[in-house]
Structures are given as C-alpha cells and as structure tokens.
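Descriptive analysis of the structure
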Amino acid sequence: MNPKQRLLEKIDRREAVVAIYGLGYVGLPLALRFAEAGFAVTGFDVDADKVAQLSAGKSYIERIPDRAVADAIAGTGASKTPRRLTATADYARTAQADALIICVPTPLGKHREPDLRYVTDTMDGIAPHLQRGQLVALESTTYPGSTEEEILPRIEARGLRAGEDVFLVYSPEREDPGNPDFNTRTIPKVCGGHTVDCLQVGAALYAAAIDRVVTVSSTRAAEMTKLLENIYRAVNIGLVNELQLVADKMRIDMFEVIDAAATKPFGYTPFRPGPGMGGHCLPIDPFYLAWKAKEYGVNSRFIELAGEVNAAMPLWYVDKAVAELNRAGKAVRGASILILGVAYKKNIDDMRESPALKIIEQLRDQGANIAYHDPHVPRLNKLRDYQFDLQSKPLTADLLANSDLVILCTNHDRLDYPLIAKHSPRIIDTRGALRNLEEGG
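Residues numbered from 1 in each chain as written. Predicted model: local features only at pLDDT ≥ 70, side-chain atom pairs only at ≥ 80, totals over all residues. Heavy atoms only, no water.

A look at the layout of surface pockets
- Approximately 1200 Å³ is the volume attributed to the second largest pocket.
- Surrounding the second largest pocket, 42 residues form its lining, D176, R233, L282, Y344 and K345 being those nearest its centre.
- Top contributing element to the lining of the second largest pocket by residue count: helix α8 (residues 219–249), with six residues.
- Residues belonging to the lining of the second largest pocket are distributed by class as follows: 16 nonpolar, twelve polar and 14 charged. (1 Å grid on protein atoms, 1.4 Å probe; cavity = no way out; pocket = protein on both sides within 12 Å on 5 of 7 lines; lining within 4 Å. Points joined across faces, edges and corners; volume = space filled by probe spheres on them. Helix = DSSP H or I, 4+ residues; strand = E, 2+ residues; numbered from the N terminus. Nonpolar A, V, L, I, M, F, W, Y, C, P; charged D, E, K, R; others polar.)

Right under this line is the structure:
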C-alpha cells in the first residue's frame, strides 16, 4: 500500500496521531478539536509552563475551561471514540505522529519585515524526525510562497519527496476569539496542497474534525486567501479610523454616522474606529503581503497606508489624552490615568498587539501614573515588546473619581458602563461604548 493510501485509511479509522506545534490561541483549540473528533493528539510547545499546565488538566486561555483540557488529557469527553491529548516539548515524538500541524506566531521584525523564525525553528526541530507517510500542514499566517520556500526545502533535505513520501499543505487558521457564533469546528477551513495528492490527504484530515473544508489550487492560493481576508478588514478599519480623525475635528460623532450608514441595505458593511488594531493578524498581515509584493516590483501603497493609519491610532489617542488633561489644567507627568480594558478586543483575555499596551507605555513614559481594570486580564507582566508589572484594579466609584482621566480602550460586556459614566471626571471613549448612555446611568 502506498503512503498516501495508508495515511488516508488511518485518518478514516481515526488511528492517525495528530501533532500540533504551538499550543497558543490557535493551536490549543485545534488540538482539543482533533481529540474531541477521536484522534490521539500530541501537543508540542517550547513553553514548559504551558506543557505543565496542560498535563495537569489546566487551561491558560480564559475561553477554554479547565474541564475541556482535563477531559482531553484523560481521554474522556463527548466523542464516541475519545482519544487522549498529551503535551510535550520533546520534538523526538514527532516520529510517532502521522499529521504534523504548525501553529506558531509569525510577527513582524523591527522594520515591519516578516519574521518567520518561529516557523523555521519549529520546522528545523521537526525535520530530523520526519517519517515517510506523514502530512505536514502550516497554519501560521504568512506571505504567499512561504510553504514552498521555507517548509518544502526542509522536507526535501531529508531525502523525502513532497507529494509522494510526505504530503504538504497550507491551511490558514481562522480563529475569532470572543465570537459566540463560531468555533474551531464550525469555521470553514481553507486548504491548499503542494500537489493534488497532498491536497487530498490534507482535506481528508481537516474534514475529519471541521464541518466544512474549502479546497484551493495551491498553497500559494491558500496563503493569499488568508491575507485577503485580513487585509479587507484592515483597509476598511483604516478608512474609518482616518474618518474618525476628520469627524473629531468637525465635532461629528463618527459612531452615529456609521450606525446611520449601516441602515443602507446594500453596498455597505459597517466597520468601526478604535484605538488601533490588535490581535496577531490584522496589525501584521498587510505588511506581510506588502513586503512580498516588492519582490515582484509592486508597491502596494493602499495596503501600507491602511497599516500606517491603524498603527498611528494609539499615538493619536495619547495626544488626545494630553490635550484633555491640559484643558483641565493638569500635566501628564504625575496625572492618574485609568485604562479600561487591555485585551485587543472585547470579552477575551488576548493581549497580542493590543493598542492599549502602546497607549499605556507612551503615557507611562511621559510620567503618568497608570492603573488599569480588565475583568479578563488580572495581571500585566512582561510581554514580548513591553515591560509591565501591573495588576487589574477593582472597578469602583472611588477608583474612577480619583482618576484625572479615564481612557476606555476595550469595550468588554462585563464593564459597568453606568458606573463609569457617572463617576469618571473626564473620559476618552475610544469605542463609542458610552454614547447611548444617559448621564448618570
């Protein structure tokens, strides 16, 4: 039996072992989903603390309950044929797996160039343990050509032929934390293969755990699909953020304008301004394509401009905070500033690329005394690009009243908006969350 047929049969019988590399906001939900679907799953992560917590049946992501992890670790749960999830940092266990799925971060470098170190380092760790008959899938967001340029050569360097010995696909992650209407199982999965046989194997694997798999002609097409999805959002958010700058000067409520425009039943999709873009995708993906486009002699000015507008929004709100304090006869240095919400979007604990962090850093560096409240983020410690040592304060009338300025950065549902409106001496609402409240709640 050839490697393709053997692997397809193992997938069909749920005998394939699925390996997930990177157990963060993408990798852990995917690992749990494959375990729930009846596969044995090995989760790899270089963070020893994550491995330890998972092995103890504990979750470190707010929206994933401990019970879901404990059930997967114990091999119990809703599936008729539940299989066990194990967590490890030992790459040697790659040799025991059948499907290898890479879900590691792809940040930007110092000059907004793609930083694929996590992908290449992971693949370098995997490569010595590659076996004939395995599937390799990359899910990390990246520029078109990455799978063929970075993953393929590392497979071939082991003497393995992609499409015959090993099957190579790209299938971009599509997580939307905090969205109750979609989850890993129900979000359609795009998949592109290096060859037709690669695609067949990759589609079969994902179809065993995801309700709908959408196949495309190549890994490059799949990579471009992911970028289009996020650039579409980034460009439209950049547009409304720029309009917010104009509307603010004209003393027009941009949120009111957007709500009114949204009543048009055709030709319009509402996007709302904010303090900047966060998360791992939207602030980063446009620059991945813009960087790669230069290789082909294309200057993607439209994409880069939207990215620059969005990246500048936190600094615009810092300037707005300084002006607000000046109007009250107060200097930034020594002022007590309360930040409401530090996650990058509402109702989650994810702080990756959150614009609130940039606002905190800038105001702190100007001498402000910063406090924050976020019901989803109890502590702000050292992060990749920031040095913080802050703890979320209980939201009380006294905390609000004793602040010189309150900046609402993230509009969590669990915030007490009437309390905020009633007791804040002055407030900057970056999300339009207070605009429909009557004074005094």
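Some thoughts on the side chain of D98
- Among the secondary structure elements, D98 is positioned in the loop between β3 (85–88) and β4 (99–102).
- Side-chain polar atoms of D98 contact the side chain of K10, separated by 2.8 Å.
- Among all residues touching D98, those that are not within four sequence positions of it are L7, K10, E15, A16, V17, G133, Q134 and L135. (Polar contact = N/O pair within 3.5 Å; in protein donor to acceptor, adjacent residues only side chain to side chain. Contact = heavy atoms within 4.5 Å.)

Describing the packing of aromatic side chains
- Applying the stated criterion across every chain yields a total of ten aromatic pairs.
- Geometrically, the ring pair formed by Y143 and Y288 is tilted, given 6.4 Å between the ring centres and 35° between the ring planes. With Y143 in the loop between β5 (135–138) and α6 (146–156) and Y288 in helix α10 (residues 285–295), this pair connects stretches of sequence that are 145 residues apart.
- A residue is classified by how much of its surface remains accessible, and Y143, at 4% relative accessible area, is buried.
- A centroid spacing of 5.2 Å and a plane angle of 45° characterise the contact between Y143 and W291, whose relative ring orientation is tilted. (Phe/Tyr/Trp six-rings, centres within 6.5 Å; stacked < 30°, edge-to-face > 60°. Buried < 20%, exposed > 50% of the residue type's maximum accessible area, 1.4 Å probe, protein only.)

Comments concerning the pattern of salt bridges
- All told, the structure shown has 35 salt bridges when counted by the stated rule.
- When the shortest N-O distance is used, the salt bridge between D211 and R185 registers 2.9 Å. Here R185 lies in the loop between β6 (167–170) and β7 (189–193) and D211 lies in the loop between α7 (196–207) and β8 (213–216), a separation of 26 residues in the sequence.
- Look at D211 and you get partly exposed, because its relative accessible area is 49%.
- According to the relative accessible area criterion, R185 is partly exposed, its value standing at 41%.
- Of the charged contacts, one joins R379 and D389 as a salt bridge, the two residues approaching to 2.9 Å between their closest N and O atoms. Residue R379 is located in strand β11 (residues 379–380), and its partner D389 is located in the loop between β11 and β12 (390–391); the two are separated by ten residues in the primary sequence.
- What makes D389 exposed here is its relative accessible area of 61%.
- Within the structure, one salt-bridge network assembled from shared partners comprises E148, E149, R220, K292 and E295. (Salt bridge = Lys/Arg side-chain N within 4 Å of Asp/Glu carboxyl O.)

Considering the environment of N183
- With respect to the helices and strands, N183 occurs in the loop between β6 and β7.
- Accessibility expressed as a relative area gives 43% for N183, which makes it partly exposed.
- Expressed as a C-alpha distance, the spacing of N183 and L30, which sit 153 residues apart in the sequence, is 9.9 Å.
- Within the local environment of N183, its side chain forms a polar contact with the backbone nitrogen of R185, the two atoms lying 3.0 Å apart.

Examining helix α2 (residues 27–36)
- Within α2, nine of the ten residues are buried, which leaves the element mostly enclosed by the surrounding structure.
- Taken residue by residue, α2 has G27, L28, P29, L30, A31, L32, R33, F34 and A35 as its buried positions.
- A positive phi of about 105° marks G38, the residue just after α2.

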